[in-house]
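# Examination of the molecular architecture
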Amino acid sequence: MIIVNSVEELLKYTRDLDSVGFVPTMGALHQGHLSLIKRARDENSTVIVSIFVNPTQFLEGEDLDKYPRKELADIEICKRAGVDILFMPTVESIYFKDELRIEAPAIRGFILEGAKRAGHFNGVLQIVMKLFNIISYNRPKKFRAYFGKKDAQQLILIEQMVKDYFLNVEIIPCEIIRDSNGLALSSRNAYLSKEEKEQALAISRSLKRASKLIMQGVLDTKKIEKEMREVMKSLDIEYIAFVDRNFKKQERIELKNSIILVACRVNNTRLIDNIWI
Ligand code: PAJ
């Protein structure tokens, strides 16, 4: 595995590539990330992973400084997973002064996660656009990028950016990986104590409850939300949302076209989860 820290260096290693599978991450890698890497490994001749804690997607007062950084363990995980190139750029090598900015659309970019974290998705799109352009700069024959459904709104916005900006990349959505209790894996789970982890299980339980109700034929989102709130009554709920695949709010569930999203606080840790119906 080659580890590179600058764009110039990366470009030396990406000449004449056949298919490239790219997995962008912020590190502190867990089985969720690994599932993306494995899929990329299965489907491409070259796998490139990036680890970059992107400052522009953290708002003032968020956890940029304390975001878990586990460089050595991450390198080991990538090596073992058969990653070919690990790209770990410095902030200076990737951002410029007074640079051009990408603005997420109001309709999908500034609701839910984007309302609670106004400007967050501008930063996500900014870095993902840069990474796509850097990784595919030398025009591989095929370019695929892997994203988790865990960050559903991020995934939808990236798909929109690819379409709106005519980017030559295939976005591969990947299933949410959970621990044996149902808790969706997240780098931020590292902030949770044992008791808090236990409490956080109510999130996935509420989503399971929702999917059970839907299987029983309950499609009214108000009814489903009421039951979900009951399951999560010990948590500080930021939002429960029912949207279609374009993130338009729904009054009724539509099979194969609904996403149920939850954001909660467990003490000081903010957690998100969702299911695609
Ligand atoms: P990060 O939170 O490190 O996540 C990297 C990728 O792993 C994302 O596509 C995310 O959806 C996926 N992922 C995280 N937890 C997962 C889980 N439990 N199951 C499946 N996939 C999971 O998302 C980011 O980084 C950043 O915003 C990034 C896209 C890298 C831009 O900075």
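Note that the coordinates shown come from a computational prediction; the quantities given were computed from them, not determined experimentally.

## Considering the sheet that holds strand S4 (residues 85-87)
Sheets are built from strands paired through backbone hydrogen bonds, the pairs being either parallel or antiparallel. Ordered in space as S1-S4-S3-S2-S5-S6, the 6 strands form an open sheet in which the pairing is parallel. Lying at the two open borders of the sheet, with one neighbouring strand each, are strand S1 (2-4) and strand S6 (170-174). In this sheet, neighbouring strand axes are inclined to one another by 25° on average, regardless of whether the strands run parallel or antiparallel. Judged from the 6 bridges that link them, strand S2 (residues 19-25) and strand S3 (residues 46-51) form a sheet pairing that is parallel. The residue of S3 that forms the bridge with Phe22 is Ile48. The strands that helix H2 (residues 31-43) touches are S2, S3, strand S5 (142-148) and S6; relative to S5, the one it contacts most, it runs at about 160°.

## Notes on the pairing of S3
Of all 6 residues in S3, 6 are buried, a share of seventy percent or more. Burial along S3 is two-sided: Thr46, Ile48 and Ser50 and Val47, Val49 and Ile51, pointing in opposite directions, are all buried. Taking the sense of rotation as the criterion, the β-α-β connection linking S2, H2 and S3 turns out right-handed. Note that S3 and S4 share 3 bridges and pair parallel. Following the sheet pairing, Ser50 is matched in S4 by Phe87. Assessed by its sense of winding, the connection that carries the chain from S3 through helix H3 (residues 71-80) to S4 is right-handed.

## Details of the site of the ligand
What surrounds the ligand is a group of 19 residues, the closest being Gln57, Asp151, Gln154, Ile177 and Leu185. Within the side chain of Gln57, one N or O atom sits 2.6 Å away from an oxygen atom of the ligand. Here a nitrogen atom of the ligand sits 2.9 Å away from a polar atom, N or O, in the main chain of Leu185. For the ligand, whose free accessible area comes to 630 Å², the fraction covered by protein is 95%. Considering every element that reaches the shell around the ligand, the biggest residue donor is H2, with 3 residues.

## Quick look at the sheet that holds strand S9 (residues 269-276)
Taken together, 3 strands build an open sheet; the order of strands is S7-S8-S9 and the sheet is antiparallel. Looking at the sheet topology across the chains shown, the edges are occupied by strand S7 (236-243) and S9. Ignoring strand direction, the axes of neighbouring strands in this sheet form an average angle of 10°. Across 7 bridges, the pairing between S7 and strand S8 (residues 259-266) is antiparallel. Note on S8: the bridge partner recorded for Ile237 is Cys264. Its contacts with the sheet place helix H8 (residues 152-164) against S8 and S9, and it is angled at close to 65° to S9.

## Focus: unusual backbone geometry
Even without glycine at this site, Arg139 takes up a positive phi of about 50°. Relative to the assigned elements, Arg139 resides in the loop between helix H7 (120-135) and S5. The backbone of Phe247 shows a phi angle near 70°, a positive value even though the residue is not glycine. Position of Phe247 among the secondary structure elements: in the loop between S7 and S8.

Definitions and cut-offs
Residues numbered from 1 in each chain as written. Predicted model: local features only at pLDDT ≥ 70, side-chain atom pairs only at ≥ 80, totals over all residues. Heavy atoms only, no water. Pairing = 2+ DSSP bridges. Helix = DSSP H or I, 4+ residues; strand = E, 2+ residues; numbered from the N terminus. Axes fitted to C-alpha atoms, helices over the stretch in contact; angles between N-to-C directions. Contact = heavy atoms within 4.5 Å. Buried < 20%, exposed > 50% of the residue type's maximum accessible area, 1.4 Å probe, protein only. Right-handed = clockwise from strand over helix to strand, strands pointing away. Near = heavy atom within 4 Å. Polar contact = N/O pair within 3.5 Å; in protein donor to acceptor, adjacent residues only side chain to side chain. Areas by Shrake-Rupley, 256 points an atom, 1.4 Å probe, with all protein chains shown as cover.

Function-wise, these values are silent; they only describe arrangement.
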